[in-house]
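# Breakdown of the fold
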Amino acid sequence: FAKRLAKARQILDESKAMAPCPAWWSTRMIVGRGENMSPVEFEKLFQAAKAIEPAFQEHDFQQAIYLLPRWAGKAGDWEAAAEREIARPGGLGHAGYAKVLSSVLGYGAYGFIFAESKASWPLAEKGFEELRTTYPNSKRILNDYAYVVSVKGDDKPALKRLLEEIGPDFIAARWRDSPEYFEKMKIWANKPN
């Protein structure tokens, strides 16, 4: 594994002329995480990437993964970083926060993210509403939003509304490949209090 990471880093270093390509930077972050890059080095890499393309969401996702406690962070680090990014000029704003939160959930880091982390529901909700305004026909965003509301676990009316909107457009991958969980949430959302 270490040899392959070193080879990947070598290839990336040799292709640094491609560095204006946002994917070069996010790939370098992945390799750096695998090589246990120091937090200071990772932050420099992240800031350089965001200076080139502040709206490339993969950078934010790679930063969040790096800052999970299983890697180089401690409780609250990825959440604070995602919150700071809301104010970045030319960045993703609240929509970026919602995308990072959804990506971290997809990474399998949390089951019930709002109970198990310092993630902010108001920031996530605002982000999803921005995404829905910008991409009103996106079934992926709709499914992501509904899934996040489902793991929040305390808003039946919102979940019911989103599930009704999803209708036949269920995307299993957005529900962590669990049609059973999706069906369970439909039953819960429609059950009288």
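Rules used in this analysis
Residues numbered from 1 in each chain as written. Predicted model: local features only at pLDDT ≥ 70, side-chain atom pairs only at ≥ 80, totals over all residues. Heavy atoms only, no water. Axes fitted to C-alpha atoms, helices over the stretch in contact; angles between N-to-C directions. Helix = DSSP H or I, 4+ residues; strand = E, 2+ residues; numbered from the N terminus. Parallel < 35°, antiparallel > 145°, perpendicular 65-115°, else oblique. Left-handed = near helix turned anticlockwise from the far one by under 90°. Contact = heavy atoms within 4.5 Å. Salt bridge = Lys/Arg side-chain N within 4 Å of Asp/Glu carboxyl O. Buried < 20%, exposed > 50% of the residue type's maximum accessible area, 1.4 Å probe, protein only. Phe/Tyr/Trp six-rings, centres within 6.5 Å; stacked < 30°, edge-to-face > 60°. Nonpolar A, V, L, I, M, F, W, Y, C, P; charged D, E, K, R; others polar.

### Observations concerning the packing of helix 4 (residues 57-66) against helix 6 (residues 93-107)
Following both chains from N to C, one finds helix 4 and helix 6 inclined at 50°, their axes separated by 9 Å at the closest point. The angle between the axes of helix 4 and helix 6 places the two elements in the oblique class. Considering the relative orientation of helix 4 and helix 6, their crossing is right-handed. Within the contact between the two elements, helix 4 uses Gln-57, Asp-60, Phe-61, Ala-64 and Ile-65 and helix 6 uses Lys-99, Val-100, Ser-103, Val-104 and Tyr-107.

### Section: the pattern of salt bridges
Taken as a whole and assessed by the stated rule, the structure comprises ten salt bridges. For Lys-50, the salt bridge is made with Glu-85, and the minimal N-O distance between the two is 3.8 Å. One end of the pair, Lys-50, is in helix 3 (residues 39-52); the other, Glu-85, is in helix 5 (residues 77-85), and 35 residues separate them in sequence. Taking the relative accessible area as the measure of exposure, Lys-50 reaches 2% and is therefore buried. When the shortest N-O distance is used, the salt bridge between Asp-169 and Lys-139 registers 3.5 Å. Residue Asp-169 is found in the loop between helix 10 (156-166) and helix 11 (179-190), and its partner Lys-139 is found in helix 9 (residues 139-152); the two are separated by 30 residues along the sequence. The exposure class assigned to Asp-169 is partly exposed, which follows from its relative accessible area of 30%. Residue classification places Lys-139 among the partly exposed positions, given a relative accessible area of 34%. Here the salt bridges do not stand alone but share partners, grouping Lys-50, Asp-60, Glu-85 and Arg-88 into one network.

### Quick notes on the packing of aromatic side chains
Where two aromatic rings form a pair, the distance of their centres and the angle of their planes describe that pair. Counted by the stated rule, this structure contains eleven aromatic pairs. Aromatic side chains Phe-128 and Tyr-145 sit 4.9 Å apart centroid to centroid with 5° between the ring planes, which places their arrangement in the stacked category. Residue Phe-128 is located in helix 8 (residues 121-134), and its partner Tyr-145 is located in helix 9; the two are separated by 17 residues in the primary sequence. The pair Phe-128 / Tyr-145 is uniform in exposure class, with both members buried. An aromatic cluster of at least three residues, connected via ring pairs, comprises Tyr-147, Phe-170, Trp-175, Tyr-181 and Phe-182.

### Things to note about unusual backbone geometry
For Asn-36, which is not glycine, the phi dihedral falls at a positive 60°. Here Asn-36 lies in the loop between helix 2 (22-34) and helix 3. Non-glycine residue Arg-176 carries a positive phi angle of around 55°. Note that Arg-176 resides in the loop between helix 10 and helix 11.

### What about the packing of helix 6 against helix 8?
With their axes 7 Å apart at the nearest point, helix 6 and helix 8 run at an angle of 110° to one another. Overall, the two elements helix 6 and helix 8 adopt an arrangement that is roughly perpendicular. For the pair formed by helix 6 and helix 8, the contact residues are Gly-93, His-94, Ala-95, Tyr-97, Ala-98, Lys-99, Leu-101 and Ser-102 on the first element and Leu-123, Ala-124, Lys-126, Gly-127, Phe-128, Glu-130 and Leu-131 on the second. Of the residues in the contact of helix 6 with helix 8, the class split is eight nonpolar, four polar and three charged.

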